[in-house]
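# Residue-level structural notes
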Amino acid sequence: MYEVRTTTHRIDLNRYFGSKILQRGHRYYSDSRVKYVVNHGNWLYGVVEGSYDYYTKVDLERKEMSCNCPYDGNCKHAVALVLAYNNSEYIDGEEIKKALEKTTKEELADLLFQAALKDYNLLKEVSRISRKEKRQKRKTENRIKSEIYDPL
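Residues numbered from 1 in each chain as written. Predicted model: local features only at pLDDT ≥ 70, side-chain atom pairs only at ≥ 80, totals over all residues. Heavy atoms only, no water.

### Observations concerning the overall build of the chain
Each helix and strand in the chain was counted, giving six helices and seven strands. Helices and strands appear in the chain in the N-to-C order β-β-α-α-β-β-β-β-α-β-α-α-α. Classification of the 152 residues of the chain by burial places 26% in the buried group. Element-wise, carbon and sulfur atoms account for 49% of the exposed surface of the chain, whose accessible area totals about 11,000 Å². (Helix = DSSP H or I, 4+ residues; strand = E, 2+ residues; numbered from the N terminus. Buried < 20%, exposed > 50% of the residue type's maximum accessible area, 1.4 Å probe, protein only. Areas by Shrake-Rupley, 256 points an atom, 1.4 Å probe, with all protein chains shown as cover.)

### A short note on the pairing of strand E4 (residues 43–49)
Pairing geometry for strand E3 (residues 34–40) and E4, over six bridges, is antiparallel. Bridging from a neighbouring strand, Val34 pairs with Val48 of E4. Count of turn residues in the E3/E4 antiparallel hairpin: two residues, of which Gly41 carries a positive phi of about 65°. Hairpin connection of E4 to strand E5 (residues 53–59): three residues between the antiparallel strands. (Pairing = 2+ DSSP bridges.)

### Structural notes on the side chain of Thr56
Counting through the fold element by element, Thr56 comes out in strand E5. Among the residues examined, Thr56 registers a relative accessible area of 1% and is labelled buried. Each residue touching Thr56, except ones within four places of it in the same chain, is listed here: Leu44, Tyr45, Gly46, Val48, Ser66, Cys67, His77, Ala78 and Leu81. (Contact = heavy atoms within 4.5 Å.)

### A look at the packing of aromatic side chains
The geometry of an aromatic ring pair is captured by two quantities: the separation of the ring centres and the angle between the planes. The full count for this structure, using the stated rule, is three aromatic pairs. Relative to Tyr45, the ring of Trp43 lies with its centre 6.1 Å away and its plane at 25°, an arrangement referred to as stacked. Classification of Trp43 by relative accessible area gives partly exposed; the value is 26%. A relative accessible area of 32% means that Tyr45 is categorised as partly exposed. Between Tyr85 and Tyr90, the ring centres sit 4.8 Å apart and the planes meet at 45°, which makes this aromatic pair tilted. Over the ring of Tyr28 we find Arg33; its NZ or CZ atom is 4.3 Å from the centre of that ring. (Phe/Tyr/Trp six-rings, centres within 6.5 Å; stacked < 30°, edge-to-face > 60°. Lys NZ or Arg CZ within 6 Å of the ring centre and 35° of its normal.)

### A look at the nonpolar core
Of all hydrophobic cores here, the largest spans 26 residues; its most connected members are Leu13, Phe17, Val34, Leu44 and Val58. Elements represented by at least two residues in this core include exactly helix H2 (19–30), E3, E4, E5, strand E6 (64–67) and helix H3 (76–86). The dominant element in this core, judged by the number of residues it contributes, is H3, at eight residues. With residues near it in sequence (within four places) discarded, Val58 still touches Ile11, Asn42, Trp43, Leu44, Glu64, Met65, Leu81 and Val82. (Core = buried A, V, L, I, M, F, W, Y, C linked by side-chain atoms within 4.5 Å.)

### Some details on the pattern of salt bridges
Within this structure, the stated rule accounts for four salt bridges. Note that Arg62 is salt-bridged to Asp59, the shortest N-O span being 3.7 Å. Residues Arg62 and Glu64 are paired through a salt bridge, measuring 3.8 Å at the closest nitrogen-oxygen approach. Judged by its relative accessible area of 42%, Glu64 falls in the partly exposed class. Shared partners join several salt bridges into a network, and the residues in it are Asp59, Arg62 and Glu64. (Salt bridge = Lys/Arg side-chain N within 4 Å of Asp/Glu carboxyl O.)

Okay, here's the thing in structure tokens:
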């Protein structure tokens, strides 16, 4: 029987998954396909390697799971993620959040920039923020110019 036990949460995987999915999930876990698991609050977040990298989330309280694979959570990736968590192979998200809160703005900006260089989607988002700031600056400059020159 595969299950997760924490002080407040318990997931009986047999209740949510069929035997084939459980076996495949266990194999994925045994083959070290779980890249990482982060526990934050009632949630597990992680990436499990398959044909692609599958981003998987598990709500420990509601026992709900989601994944970007075709099975959308009722999958071997969720099983592997929960098994890694069960074996204490996870990062404490609360510790990470506290460490980030103590970090200076400059250090955070550098960290975000370094991460964006490795993740094209993040780079696009950061670039979008930059373009938005430039547009806002132009609007402000145009407003100031109109306040100065329009009365003339």
